[in-house]
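Below, each chain spelled out in residue letters.
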Amino acid sequence: MKGTIPAGIFAAFAIVIVVVIGVSLGLSLAQTVTIKNQENFQEFAPALPTKILDINGILITEFSADEKRELISLSELPRHLIHAVLAREDPDFYNHKGFSIRGIARAAFGQLTGRNLGGGSTITQQIAGSIYTDRTEYSLTRKIRELWWAIQMERRYTKNEILEIYLNYSYMGPGTYGVEAASKYFFGHSAREITLAEAAILVIQLSSPSRYNPLDNPNTAMDRQRSVLNRMIEFGYTTAEEADASFNEYWDNYDYTRESTSAYYHREDAAPWFSEYVRRQLDDMMYGTMDYYRDGYTVLTTLDLKHQATAEKLMAEGLVKANREYAVSRGSRLVRAEQTYVPIVDLLSLYFNLNSIHATSDAQNEQKALSRYTKTINPVVDMTALVFGLPDLKVITNASFAALKNTTEQNVVEGTLIAIENETGYIKAVVGGSQFDQSNQLIRATQGRVMPGSSFKPLYYSAAIDTRQFTPSSLIYDIPIVFHNEDGTPYIPLNFRGEWKGPVLLYDALAQSMNVPSLKILDTIGFDAAIDRAANLLGIEDPQERERTFPRVYPMGLGIVSVSPIQMARAFAIFANQGREVTPIAIRAVEDRNGRIVLDTERELRQRQRRMGSDIQVISPQNAYIMTSLLKKTVEVGTLRSGSGFGSKFVYQDEKGNRYRIAAAGKTGTTQNWSDAWTVGFTPYFTTAIWFGFDKPGNSLGLSLTGATLAGPIWGDFMRELNMGLPAKDFIRPSTGIVDVTVCAKSGLLPTEACNEGTITLSFLTGTQPREACTIHSDARIRSSLTLETMRTSAFTLRDDSLLNELPMPQLRIDLPDIPVRPSEPVEPPVPGDDWGIDEFPDYNPLLD
């Protein structure tokens, strides 16, 4: 009886085991249909990347952040890579039937004794477990199912097919699957070109990609790599001399400074800023419904890679120039500060016993030492921590890098460019900043919120034209003035370099970017009209966002608002598009892996625009044409004249050698502390917005870096290339509602025979054109009565007499011309080859903005 009890227990246990095995095998048999449906390797449907194509069908990049996979045939791989896999993972692979009794027994014994004797799974079991089971589950049932599927795979596939699936399917590191993708990620080349040492590095990723990642743990990876090479020597796959030579060559050229990041950031990408913008758009469009990282979509976009390459080249050159000149300007300012102010501060610190601000104080020395450590010593310490595996030290160096990054954002000039097609809204090029990487992903063209400076002025000039109180020939006085905000605080605007022009016409005030005339226009039409028009042009519909964006103070009229370059590009594109709404668009359509359209973005946009009917007109075609004619003056005689090459950048030759011109218009902008430099301009085809400045406010670019001198020339160069090959075209003039009138260049009224200071032809809304003859030149008595006191009272009213007495007023000579004489007709830009220079226009100031 005693002997029968253990026997009974053993029998019961055996029955349970048999039942478990039977049930497991039964479930596996029920799923055999799965493997029948995957009879050939080509029929597998692994995760595929989503392809991003430009407007011409050229590949920009692929999205596969979770699974970067590139399939490769076993026959294309070098023999030493296959040998490394066999030596490390399964030396008996070509002899067993999918499982190894000895391996299973070794693994089981290791589990019972608590020792790591290696895994018991063959290559076939590993791939079967990855495809048909959840390998995160640690159970006897899962191991039985894995064994079952391994046997089935051995029955269905050849050994080479199994090995090929294994080398293409296995996870190999940060976001990479398969040896081809992993080789490109770790080594920058195809697995076809892999060396012996590199093969050993790849193989150890199969067992523990995080632990043996050479970018995170180079020392640990080095030890395991050596063990694989020793195994290969042991099996006769290579010699010790070959292994040592390859090993030494690999580590002698190893880049210890490279960080381990997702394969997404190391993918080939011809337009990374645009790709990131598209990726974020896809996140919004596909959220919760489709996985563009795995499902193999094709995204048809609006980008033109040829224009994108031009934009990146020009912006890179511009950023180099900007940072070089900023460094020189900042250095000279610091020298002047040290020579002028440091002695004064030292004297005050000694007199009042303020040791903390003394130039030689411990606090100052500590600050200098900290700066030197952050910039010079910390990178060396960081590399040392990485090489010798000191994680605690790495944490400290990372903190120092964070402090350095904050300083960099305040002292490094950044820039952005975005170009859109006026009629369609197609985004043709995007440069989001200096260099796209893991630490610099702010797409400043779309995400940046910066002050547009004077480039903002045309938005409310448009509202002023519609009030019919102002026309292009309205006479406005550019002299010192005090404005009072709604809360009663005074505001005294200044022009560039503190210069005043006296009486000017509206078109010239905008072309030369004068501040006082612009604010007089804003003061006359009121904040409500200005904000409403600006918001409509920028596409800001939410009332709360409007309130946040537009402060009801006079500096708003000088562009002291926060907008993005894409919003500014949209606003100016509306001028070019006859006042019709323009919606910037990057994605035209999305197709699945079978070519079926699953998202028809552009079609939906066009349907929405058709449903808008007359509401598609943000402004009237007449208003758009007047604004365009005004902004053309900026290119012809204003702050964009130099940036456009005095017009030569928009002169082209056709196939027959005939020269023709494409019209251009635009506006520069510089904030009052010279911290932001803008140019936004357009042709009948395209609109481009360019910005330079700092990610964090507080610094000035300097007097030499303005919208006219920095952004303007880049805008001209880029727009020349963007319009290259397109036929001659001018802006469309409405058939009604516009009249052209020639006026006196000084008074803005109808010229008389006495007008000897030039005339100019301007466009007006019908009914607003001047009807009176010039009185300045035709009536000497009226001219002589134009005294300084008259100008004061007609221009503005001061509420504070004491303030009036303190203001420096311009001294006007009544017997001399008040403004420079201009040509009788608009200046014709030169054609290539004409020897025109800035000296031909002595009144032109390229820095004026």
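Residues numbered from 1 in each chain as written. Predicted model: local features only at pLDDT ≥ 70, side-chain atom pairs only at ≥ 80, totals over all residues. Heavy atoms only, no water.

Looking at the overall build of the chain
Across its full length, the chain holds 27 helices and 21 strands. For the chain, the proportion of its 849 residues judged to be buried stands at 51%. Put simply, 72% of the contacts in the chain that link residues at least 6 apart link residues at least 24 apart. Carbon and sulfur atoms make up 54% of the accessible area of the chain, which totals about 39,800 Å². (Helix = DSSP H or I, 4+ residues; strand = E, 2+ residues; numbered from the N terminus. Buried < 20%, exposed > 50% of the residue type's maximum accessible area, 1.4 Å probe, protein only. Contact = heavy atoms within 4.5 Å. Areas by Shrake-Rupley, 256 points an atom, 1.4 Å probe, with all protein chains shown as cover.)

Thoughts on the pattern of salt bridges
Across all of its chains, the model carries 23 salt bridges by this definition. Residue Lys184 is joined to Glu180 by a salt bridge in which the shortest nitrogen-to-oxygen separation is 3.7 Å. Of this pair, Lys184 and Glu180 are both found in helix H8 (residues 179–187), four residues apart, which corresponds to roughly one turn of the helix. By relative accessible area, which is 32% here, Lys184 ends up partly exposed. Judged by its relative accessible area of 2%, Glu180 is buried. Between Glu602 and Arg606 there is a salt bridge; the shortest N-O distance is 3.3 Å. Residue Glu602 and its partner Arg606 are located together in helix H22 (residues 601–612), separated by four residues, close to a single helical turn. In terms of burial, Glu602 and Arg606 fall into one category: buried. Linked through salt bridges whose partners overlap, the residues forming this network are Glu76, Glu180, Lys184 and Arg192. (Salt bridge = Lys/Arg side-chain N within 4 Å of Asp/Glu carboxyl O.)

Quick look at the nonpolar core
If you look at the biggest cluster of nonpolar residues, it comprises 131 residues, and the most contacted ones within it are Phe550 and Phe692. Broken down by element, this core gets its largest block of residues, nine residues, from helix H21 (residues 565–576). One finds Ala84, Trp149, Leu202 and Trp251 within the second-largest nonpolar core, a separate group that totals 51 residues. (Core = buried A, V, L, I, M, F, W, Y, C linked by side-chain atoms within 4.5 Å.)

Thoughts on the sheet that holds strand S17 (residues 665–670)
If you walk across this open sheet you meet the five strands as S8-S7-S19-S18-S17, and the pairing is antiparallel. One side of each edge strand has no neighbouring strand; the edge strands of this open sheet are strand S8 (427–431) and S17. Taking each pair of neighbouring strands and ignoring which way they run, the sheet shows an average axis angle of 5°. Here six bridges tie S17 to strand S18 (residues 677–682), and the two strands are oriented antiparallel to one another. The partner of Thr668 across the bridge, within S18, is Thr679. Contacting strand S7 (414–421), S8, S17, S18 and strand S19 (686–693), H21 crosses the sheet at an angle of about 30° to S18. (Pairing = 2+ DSSP bridges. Axes fitted to C-alpha atoms, helices over the stretch in contact; angles between N-to-C directions.)

Regarding the sheet that holds strand S1 (residues 50–53)
If you trace the five strands from one edge of the open sheet to the other, you get S2-S1-S6-S13-S14, paired in mixed fashion. Looking at strand neighbours, the two that pair on one side only are strand S2 (59–63) and strand S14 (597–599), the edges of this open sheet. Each strand of the sheet is rotated relative to its neighbour by a mean of 25°, with strand direction disregarded. In this fold helix H12 (residues 272–286) packs onto S1, S2, strand S6 (298–301), strand S13 (587–591) and S14, with an angle of close to 50° to the strand it touches most, S2.

Digging into the packing of aromatic side chains
Considering all chains together, one arrives at 19 aromatic pairs under this definition. Between Phe527 and Tyr554, the aromatic rings sit 5.3 Å apart at their centres with planes inclined by 55°, giving tilted as the arrangement. With Phe527 in helix H19 (residues 527–538) and Tyr554 in the loop between helix H20 (543–549) and H21, this residue pair connects regions lying 27 residues apart in the sequence. Neither Phe527 nor Tyr554 differs from the other in exposure class; each is buried. (Phe/Tyr/Trp six-rings, centres within 6.5 Å; stacked < 30°, edge-to-face > 60°.)

Some words on H12
The end-to-end C-alpha distance of H12, which contains 15 residues, comes to 20 Å, matching closely the 21 Å that a straight helix rising 1.5 Å per residue would cover. When we look at burial in H12, the residues that qualify are Pro272, Trp273, Phe274, Ser275, Glu276, Tyr277, Val278, Arg279, Leu282 and Met286. (Expected span 1.5 Å × (residues − 1).)

Regarding the packing of helix H3 (residues 79–89) against helix H7 (residues 159–169)
Put simply, H3 and H7 touch, their axes get as near as 12 Å, and they point 90° apart. On the basis of their axis angle, the class for H3 and H7 is roughly perpendicular. Where H3 approaches H7, its residues Ile82, Val85 and Glu89 are matched on the opposing element by Leu163, Tyr166 and Leu167. (Parallel < 35°, antiparallel > 145°, perpendicular 65-115°, else oblique.)

Regarding unusual backbone geometry
Trans peptide bonds make up most of the peptide bonds, and negative phi angles are found at most residues other than glycine. The phi dihedral of Arg468 is positive, around 65°, even though this residue is not glycine. With respect to the element layout, Arg468 can be found in the loop between helix H16 (457–467) and strand S9 (475–478). Note on Arg468: relative accessible area 45%, which makes it partly exposed. A positive phi angle, near 60°, is found at Gln578, a position not held by glycine. Along the polypeptide, Gln578 turns up in the loop between H21 and S13.

A short note on the side chain of Thr768
Within the secondary structure layout, Thr768 lies in the loop between strand S21 (759–765) and helix H25 (780–784). Since its relative accessible area comes to 15%, Thr768 is described here as buried. At a separation of 2.7 Å, a polar atom in the side chain of Thr768 contacts the main-chain carbonyl oxygen of Leu765. For Thr768, the residues in contact, after removing those within four places along its chain, are Arg468 and Thr471. (Polar contact = N/O pair within 3.5 Å; in protein donor to acceptor, adjacent residues only side chain to side chain.)

Side note on the state of the cysteines
Within this structure, the stated rule accounts for zero disulfides. Of all cysteine sulfurs, the one in Cys755 lies closest to Cys744, which takes part in no disulfide; the gap is 3.9 Å. With no disulfide of its own, Cys774 has Cys755 as its nearest cysteine by sulfur position, at a separation of 3.6 Å. (Disulfide = S-S within 2.5 Å.)

Thoughts on the confidence of the model for the chain
One rule of thumb: low pLDDT means the predicted coordinates there are not for detailed reading. Overall, the predicted model of the chain reaches an average pLDDT of 79, with 70% of residues at or above 70. With pLDDT under 50 throughout, residues 1–5 is counted as low confidence; its partners more than four residues away or in other chains account for zero contacts. Note on residues 780–848: pLDDT under 50 across the span, and 108 contacts to partners over four residues away in sequence or across chains. (pLDDT = per-residue confidence, 0-100.)

Quick word on the side chain of Thr670
As for its placement among the helices and strands, Thr670 is situated in strand S17. Using a relative accessible area of 7% as the deciding quantity, one classes Thr670 as buried. For Thr670, the side chain forms a polar contact with the main-chain nitrogen of Gly707, separated by 2.8 Å.

Structural notes on the packing of H3 against helix H10 (residues 218–234)
The contact between H3 and H10 brings their axes to 9 Å, and the two run at 100°. One way to sum up the angle between H3 and H10 is to call them roughly perpendicular. Counting all contacts with H3, which are made through His80, His83, Ala84, Ala87 and Arg88, the residues of H10 involved are Arg224, Val228, Arg231 and Met232. Grouping the amino acids of the contact of H3 with H10 by side-chain chemistry returns four nonpolar, two polar and three charged. (Nonpolar A, V, L, I, M, F, W, Y, C, P; charged D, E, K, R; others polar.)

A short note on the environment of Gly432
Take Gly432: it is sitting in the loop between S8 and H16. According to the relative accessible area criterion, Gly432 is buried, its value standing at 0%. Gly432 sits 117 residues away from Met315 along the chain, and the two C-alpha atoms are 9.9 Å apart. Ignoring anything within four residues of it in the chain, the contact list for Gly432 reads Trp273, Gly415, Thr416, Leu442, Ile443 and Arg444.

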